[in-house]
Structure formats: structure tokens, C-alpha cells
Amino acid sequence: MADLVPTSELIGELRHLIEASRFRAASAVNSELVLLYWRVGRRIRVDLLNEERASYGEQIVTTLSARLVPDYGRGFGRRNIYRMMRFAEFFPDEGIVTTLSARLTWSHFVELLLVEDPLARDFYVEMCRLERWSVRTLRARIDGMLFERTALSKKPEALIREDLDALRREDRLTPDLVFRDPYVLDFLGLKDTWSERDLEEAILRELEAFILELGSDFCFVARQKRIVIDGEDHFLDLLFYHRGLRRLIAVELKLGRFRAADKGQVELYLRWLDRHERRTGEEAPLGLILCADKGQQLIELLELEASGIHVAEYLTELPPRELIERKLLDAIRVARESHGARLMEAGKGEDSE
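Owing to the predicted nature of the structure, the values given are computational and were not obtained by experimental measurement.

(A) The arrangement of the side chain of H108 in detail. Among the structural elements, H108 can be located in helix α5 (residues 106–112). Classification of H108 by relative accessible area gives buried; the value is 6%. Reaching out from H108, the side chain makes a polar contact with the backbone nitrogen of V135 at a distance of 3.5 Å. The contacts of H108, once residues within four sequence positions are left out, are C128, W133, S134, V135 and L138.

Quick look at the structure:
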């Protein structure tokens with residue numbers, strides 16, 4: 001019998017089987033590890049500390065660590081036991097932990113435990129799960145205050161919770177989860193003065209980094225998209241498609257401050273795209289105007305959300321974290337107060353009737 005030589009196709013199939021099996025085994029090990037750490041943290045909190053958080057019973061933790069480390073390694077050191085207890089406190093539902101453990105590693109949870117705000121933490125959990133962020137990406141998103149930069153964070157807490165619950169149950173993205181303000185474009189390397197064309201060309205040179213800042217579901221479609229209306233040419237700066245939203249996203253770049261006239265320009269583009277480019281099964285296109293500055297009162301008066309237009313500032317240089325954090329938190333406070341005032345006015349109107 002002649003020597004049988006395995007074909008490249010067979011070797012490729014065997015490699016696929018081996019890699020798939022290794023991945024499943026690693027996933028199973030990770031799930032077990034995450035659930036083990038949650039159960040350990042839960043038992044300590046319930047059985048030994050009676051759900052008390054204060055100081056976490058330092059003596060108890062020290063004793064447990066001294067007993068467990070010799071047999072089971074540094075994974076049961078004092079620091080990690082504190083993490084397990086915090087894990088059980090922040091994620092009290094074992095069913096949710098079981099589901100998340102199929103996607104998130106213990107290293108993901110270690111990063112999430114550093115987020116004190118429950119709404120922000122739940123946002124990062126669900127986006128990490130949905131978009132399959134690496135630990136490095138998750139850390140960068142948290143450090144970059146992604147939640148505070150979303151339109152979602154400007155809503156009242158009850159509405160934020162509704163959106164996050166829908167995201168967890170149905171994997172349903174909304175524009176408020178997708179759009180950000182400001183966008184940090186420090187990777188473009190723009191210095192001194194530049195034109196809109198310079199800004200556009202810099203974005204195209206760094207398209208991968210720009211899409212990472214926009215969000216992982218954005219896909220580039222075109223630059224200077226030609227739009228012909230009554231024989232006159234118009235050109236849209238950038239056109240993207242968002243897979244999760246199933247919408248075209250028209251992006252206009254502005255060097256200066258947002259003006260009321262910018263709304264009319266983008267509305268025109270959106271209506272043309274809706275008529276000529278929107279495909280069956282897609283939602284209506286949305287617009288994103290990136291500008292150097294904007295006035296909140298003008299944004300509110302123009303009621304841009306009703307037109308499907310989002311306006312956001314861009315930063316070509318990253319300011320100190322303390323400065324941007326203060327600015328974002330102030331913006332969230334003002335937006336929520338404004339939303340509350342509108343609800344009160346609406347209530348008064350109903351009462352007067």
C-alpha cells in the first residue's frame with residue numbers, strides 16, 4: 001500500500017477541531033473559576049460577616065488567606081478574597097453571574113469592581129458582553145469615561161435602567177448607548193491650525209483608531225458622499241453604517257461652534273439618504289455633527305433628537321483627567337436637571353387642563 005500523505009485540507013480541519021476544543025475547555029474553566037470566586041465571596045459575606053461591608057472583617061480574611069494559600073495558591077490571597085467579597089456584593093444574583101461567566105473572565109470582573117457607580121458598572125458589563133471587549137479594551141473604556149460620555153448618562157436614572165435592562169434582555173442597542181460627547185481624537189496628531197479637509201484626511205489616515213473611538217459596530221462606507229438634489233451637488237463628509245442599530249450614520253465635521261444652519265444641512269442629507277440609500281430592513285439614517293464647541297441652549301431649542309441628529313464636541317488634545325471628569329459630571333447634572341424641569345412643566349400643563 002502506498003504511503004498515505006494527509007492533505008492540507010485534513011490538517012486544517014484537525015487544527016480547527018483542536019483549537020475549538022481548547023477554546024471550549026478554557027471557557028469552561030473560566031466559568032467555573034468565576035462562579036467559584038462568587039460563591040466563596042458570598043459564603044464569607046453571608047455566613048461570616050452577615051452582609052456587613054464595613055472593613056470586611058480584616059481578621060477573618062487574614063485567617064482564611066493563611067489557611068487557603070498553602071493548599072490552593074495565591075489566588076486566595078487577602079487581596080483576591082476582598083475582591084471575591086466585593087464581587088458577591090456588587091453582583092448579588094447568581095443567575096446573572098452564571099450567564100456573564102460565559103463571556104467575561106475573572107480579569108474583566110476585577111476591572112469592573114473598580115467602578116463604584118452601579119449604573120456605569122452595569123453599562124460596562126453589558127457593552128463588554130455584547131461587543132466582546134478584551135480586558136485591555138474594557139480598562140481603556142473605563143479610563144476614558146465612556147459611560148459619562150454617552151447620551152445615556154444624561155438621562156434620569158430610571159430611564160438609564162430601562163435602556164440597560166433592554167440591552168441585557170434583548171441585546172437591543174439604542175442611539176443613546178452608541179453616541180458620545182465628546183469624542184477624543186488626540187490620535188489624529190493635528191497641531192496649530194487646520195481646515196475641515198485636514199481633519200477629514202487625518203481621520204481617514206487613522207480610520208481604525210477613529211472607528212474604535214466611534215464604537216466597534218461602525219463600518220466605513222464613503223467619504224465626500226455625492227448627493228445630487230435638483231441638479232446641484234452636495235457632499236457629505238463621512239458616511240458610516242452601524243450594524244447594531246442597522247442604520248446609516250451621516251457624519252459632518254465642523255471646525256468651529258455648532259450653528260443652527262448646520263441642522264438644516266444634515267436634515268437634508270438624512271432625508272436624501274432615507275429615500276435613496278436606505279435598504280429594506282434598515283432603520284432611518286441618523287446624523288452626527290462633530291464640532292469644536294456647542295451651546296446647550298441652542299441644542300435644546302432645535303430639538304435635534306426629533307430629527308435624528310446628534311451633536312458632539314471633539315477634542316484633538318486630551319485634557320487632564322480631572323478637567324474632563326469635572327466637565328462631564330457637570331454636563332450630566334445639568335442634563336438631568338433640565339430633564340426633570342421639563343417633566344415638571346409637562347405635569348403643570350396637564351394639571352391646568
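What follows continues from the structure just given.
(B) Structural context of the packing of aromatic side chains. This structure, assessed with the given rule, holds 12 aromatic pairs. Look at F123 and Y124: their rings are 5.3 Å apart centre to centre, the planes differ by 70°, and that puts the pair in the edge-to-face class. On the accessibility criterion, Y124 (2% relative accessible area) is buried. With a centroid separation of 6.2 Å and an interplanar angle of 80°, the aromatic rings of F218 and F240 are classed as edge-to-face. Highlighted residues: F218 in strand β2 (residues 218–229) and F240 in strand β3 (residues 232–242), separated in sequence by 22 residues. Among the aromatic residues, those joined into a cluster by ring pairs are Y37, Y72, F76, F87, F91, W106 and F109. We note R121 situated over the ring of F90; from NZ or CZ to the ring centre the distance is 3.9 Å.

(C) How the structure looks around the layout of surface pockets. Looking at the largest pocket, its volume works out to about 1100 Å³. Lining the largest pocket are 37 residues; nearest its centre among them are K154, Q296, I299, E305 and A335. At the level of secondary structure, the elements contributing two or more residues to the lining of the largest pocket comprise α14 (296–302), β6 (309–315) and α15 (321–352). Counting residues per element, the lining of the largest pocket draws most heavily on α15, at 11 residues. A breakdown of the residues in the lining of the largest pocket according to their chemical character gives 17 nonpolar, 6 polar and 14 charged.

About the thresholds
Residues numbered from 1 in each chain as written. Predicted model: local features only at pLDDT ≥ 70, side-chain atom pairs only at ≥ 80, totals over all residues. Heavy atoms only, no water. Helix = DSSP H or I, 4+ residues; strand = E, 2+ residues; numbered from the N terminus. Buried < 20%, exposed > 50% of the residue type's maximum accessible area, 1.4 Å probe, protein only. Polar contact = N/O pair within 3.5 Å; in protein donor to acceptor, adjacent residues only side chain to side chain. Contact = heavy atoms within 4.5 Å. Phe/Tyr/Trp six-rings, centres within 6.5 Å; stacked < 30°, edge-to-face > 60°. Lys NZ or Arg CZ within 6 Å of the ring centre and 35° of its normal. 1 Å grid on protein atoms, 1.4 Å probe; cavity = no way out; pocket = protein on both sides within 12 Å on 5 of 7 lines; lining within 4 Å. Points joined across faces, edges and corners; volume = space filled by probe spheres on them. Nonpolar A, V, L, I, M, F, W, Y, C, P; charged D, E, K, R; others polar.

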